[in-house]
Amino acid sequence: MCLALASPGSIQQSDLGTAALLASLSIVYSRFTVGWERARRALRQEKLPTLCPNLLATWAFAAAVLLPLTLAAAVITVAAIAEWPARNIAGQATPYRYVYSTAGAILAATAAHSCMALDLPEPLALALAALGYMLVGVAAVALAMVSAGQYQALSLLLQAESHKLEVLTIALATAQVQMITLGIPLAWLSLPAAIVIQRWAVQSDLRVTDDPTIRPMTEAAWLTVAREVVAACPVTAIMRIDTTDPAAVSLVARMQVGCDAIGAMGKSGLAILLADCPGANAEALATRMRAALHQQNISALVAVAAKPRDGQTSADLLAVSEAELITRAAVQRPSKSLRPEA
């Protein structure tokens, strides 16, 4: 940040227009996708702690290539402020880390800007700037992980699989640079393209690895994931199973019923999140689960609730599924009753 402020450069009126365009795109994108991004981050926090690439580089890289460094830093800061609501998740919001990551983006932009200042043919300079942006950005994150002793997350960061989204983002930003340079108003097409990529990223994270030994999330972590995912998805469901038997957990994982998160709800049993799953599909899955549990001689009841049929929030779906479990228990186990959740 200090380096950017110390290198104001010569700002032209056209630069101000380009900066306004990039900042506007970042703001509109963040407002449009805030629910999806919150859901993605909630899921990835459990699977890949502290490692969650985003699409900030779409505008940060374009600003670094096209604008004086100080103005590029201003665009990145605006984009970061617009994106903060997507990161401000209960239990995860750490403003000081976000300030660090924003500073890292500005440092990466400085590297890209320096590459463009080299006496090279424009295509080569642009390719070198993209590489420099990515390498410096990864180095900044790696340094933070090392300083915090997060070596498991660091090993994930160094895997090529972790950077698919970032590569797509840089490619989109490079196309945007070309369109702006040529004076083509189609630069606004970067917005729907970024939204499509964002939706793909969410769908990629709404999957559970085929692992029969998977362990349920803690209740607090699962409730956070469920709240964000149910809010973001127009159609989703929650399945409840009134047992915490490890055999039932293993069965859920082996069946791969579309569970995006499995949580242990205290003594009340298991809760399984079924993102993008309509009510009819959830009921069919519940039927399959009951049959599988019976076949394995696991005594357990199964209930489901779906959005929008049974409510709009995770709290609604939990209440409806809990009520169904109580009803089923009264019918099938007259001598036992379930204690409702507080």
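Above this text sits the structure in question.
Predicted, not measured: the structure shown is a model, and the values here were computed from it.

(A) Main features of the pairing of strand 3 (residues 270-275). Extensive coverage of strand 3 is indicated by the burial of six of its six residues. Side chains of strand 3 alternate between two faces, with Leu270, Ile272 and Leu274 and Ala271, Leu273 and Ala275 buried alike. Looking at chain direction, strand 1 (residues 236-241) and strand 3 are connected through six bridges and run antiparallel. Bridge assignment links isoleucine 238 to a residue of strand 3, and that residue is leucine 273.

(B) Broad picture of a nonpolar patch on the surface. There is a patch of nonpolar side chains on the surface, built from Leu118, Leu120, Leu124, Leu128, Leu131 and Leu135 and spanning about 510 Å² of accessible area. Within the secondary structure, leucine 128 sits in helix 6 (residues 122-147).

(C) Quick peek at the packing of helix 10 (residues 219-232) against helix 13 (residues 314-332). Helix 13 packs onto helix 10 with a crossing angle of 115 degrees between their chain directions and a minimal axis gap of 8 Å. One way to sum up the angle between helix 10 and helix 13 is to call them roughly perpendicular. Contact residues: helix 10 offers Trp222, Leu223, Ala226, Arg227 and Val230, while helix 13 offers Ser314, Leu317 and Leu318.

(D) A look at the pattern of salt bridges. Overall, the coordinates contain seven salt bridges when judged by the stated rule. Here aspartate 310 makes a salt bridge to arginine 309, at a shortest N to O gap of 2.9 Å. For aspartate 310, a relative accessible area of 23% corresponds to the partly exposed category. For arginine 328, the salt bridge identified is with glutamate 324, shortest N-O distance 2.9 Å. Separated by four residues within a single helix, arginine 328 and glutamate 324 lie in helix 13, roughly one turn from each other. Judged by relative accessible area, which is 19%, glutamate 324 ranks as buried. Salt bridges linked by common partners bring Arg38, Arg227 and Glu228 together as one network.

Analysis parameters
Residues numbered from 1 in each chain as written. Predicted model: local features only at pLDDT ≥ 70, side-chain atom pairs only at ≥ 80, totals over all residues. Heavy atoms only, no water. Buried < 20%, exposed > 50% of the residue type's maximum accessible area, 1.4 Å probe, protein only. Helix = DSSP H or I, 4+ residues; strand = E, 2+ residues; numbered from the N terminus. Pairing = 2+ DSSP bridges. Patch = residues over 30% accessible without salt bridge, like charges linked within 9 Å, V, L, I, M, F, W, Y side chains within 5 Å. Areas by Shrake-Rupley, 256 points an atom, 1.4 Å probe, with all protein chains shown as cover. Salt bridge = Lys/Arg side-chain N within 4 Å of Asp/Glu carboxyl O. Axes fitted to C-alpha atoms, helices over the stretch in contact; angles between N-to-C directions. Parallel < 35°, antiparallel > 145°, perpendicular 65-115°, else oblique. Contact = heavy atoms within 4.5 Å.

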